[in-house]
Amino acid sequence: MFIDCERTPVSISDVPALVSAAHAAGGYVMLRTESAAPAILTRYLDCGIDALVVPQVESAAACSEIVGTARDQAAGIPKAAIIVQIESTAGVAAAQDIAQAPGVDAVLLGPNDLAISMGFAGQPGHPQVQAAVTGLAAILREAAMIFGLPVTTDSVRDWALHGASLFYIPGGDLIATALTSYNEATDGH
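Anyway, here's the lowdown on the structure attached to this text. (Residues numbered from 1 in each chain as written. Predicted model: local features only at pLDDT ≥ 70, side-chain atom pairs only at ≥ 80, totals over all residues. Heavy atoms only, no water.)

Looking now at helix α1 (residues 15–24). For an α-helix the count is 3.6 residues per turn, leaving residues at separations of three or four pointing the same way. Along α1, the residues classified as buried are Val15, Val19 and Ala22. Summarising the axial view, the buried residues of α1 lie within an arc of 65°, below the 170-degree limit, and thus occupy one face. Looking at α1, the residues exposed on the side facing more than 90 degrees away from the buried face are Ala17 and Ala24. Residues of α1 that are buried make contact with β1 (2–4), β2 (30–32) and α2 (38–45). (Buried < 20%, exposed > 50% of the residue type's maximum accessible area, 1.4 Å probe, protein only. Helix = DSSP H or I, 4+ residues; strand = E, 2+ residues; numbered from the N terminus. Arc of directions from axis to C-beta. Contact = heavy atoms within 4.5 Å.)

What follows is the structure in structure tokens.
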């Protein structure tokens, strides 16, 4: 389960019930926080999540602070995986250092915010944005860093061929694909 606390109205008070439900069903819980502030990270880690996704990471120093907070908080509880997001031109510039940051388990690419950072708001498919994302993928693959990005059911195979293995498929896309398949199978009846 991917709990998004950055771009949705889900709040810290909602998280324990979501984590409990996911774990009861045998699920794995990744949570994207709205901030890298230590107090925020600690609150989410205290909820028993399996992986923490931290947005807008732009340096190896930021990775070190995030990892330090997670490790300090984790005394006596299972360790959560640390996933950092590269989604700005500054993050792209620091990608090699981020890929080698100790304690970072994976990197999630953010093409939408990267497009904004590059001056192409609303255009994550712009050729320059796609070139930057493809370049990031190459850097991360070369560094043997697990990485991924938001995909569609149409693009997941191509990104897997680029070395991505962590995929974020919005629920609406999955539902639309399922409905299209159902309508095709039943001739719309």
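We are not done yet, so read on.
The next point concerns the nonpolar core. Grouped together as the largest cluster of nonpolar side chains are 46 residues, with contacts concentrated most on Val15, Ile49, Leu52, Val84, Val107 and Leu109. Counting residues per element, this core draws most heavily on helix α7 (residues 127–142), at six residues. With sequence-adjacent residues up to four places away left out, valine 107 is seen in contact with Ile83, Val84, Ile86, Ile98, Leu140, Met145, Ile146, Phe147 and Gly148. One finds Met30, Ala51, Ala106 and Leu166 within the second-largest nonpolar core, a separate group that totals eight residues. (Core = buried A, V, L, I, M, F, W, Y, C linked by side-chain atoms within 4.5 Å.)

Another aspect to go through is the pattern of salt bridges. A side chain of one charge can pair with a side chain of the opposite charge when the charged atoms of the two come close. Evaluated as defined, the whole model comprises four salt bridges. The closest approach of N and O atoms between aspartate 4 and arginine 32, which form a salt bridge, is 2.4 Å. With aspartate 4 in strand β1 and arginine 32 in strand β2, the pair connects residues that are 28 residues apart, well separated along the chain. Judged by relative accessible area, which is 7%, aspartate 4 ranks as buried. Where glutamate 6 meets arginine 32, a salt bridge forms, and the shortest distance between an N and an O atom there is 3.3 Å. (Salt bridge = Lys/Arg side-chain N within 4 Å of Asp/Glu carboxyl O.)

Nothing here speaks to function; it is geometry throughout.
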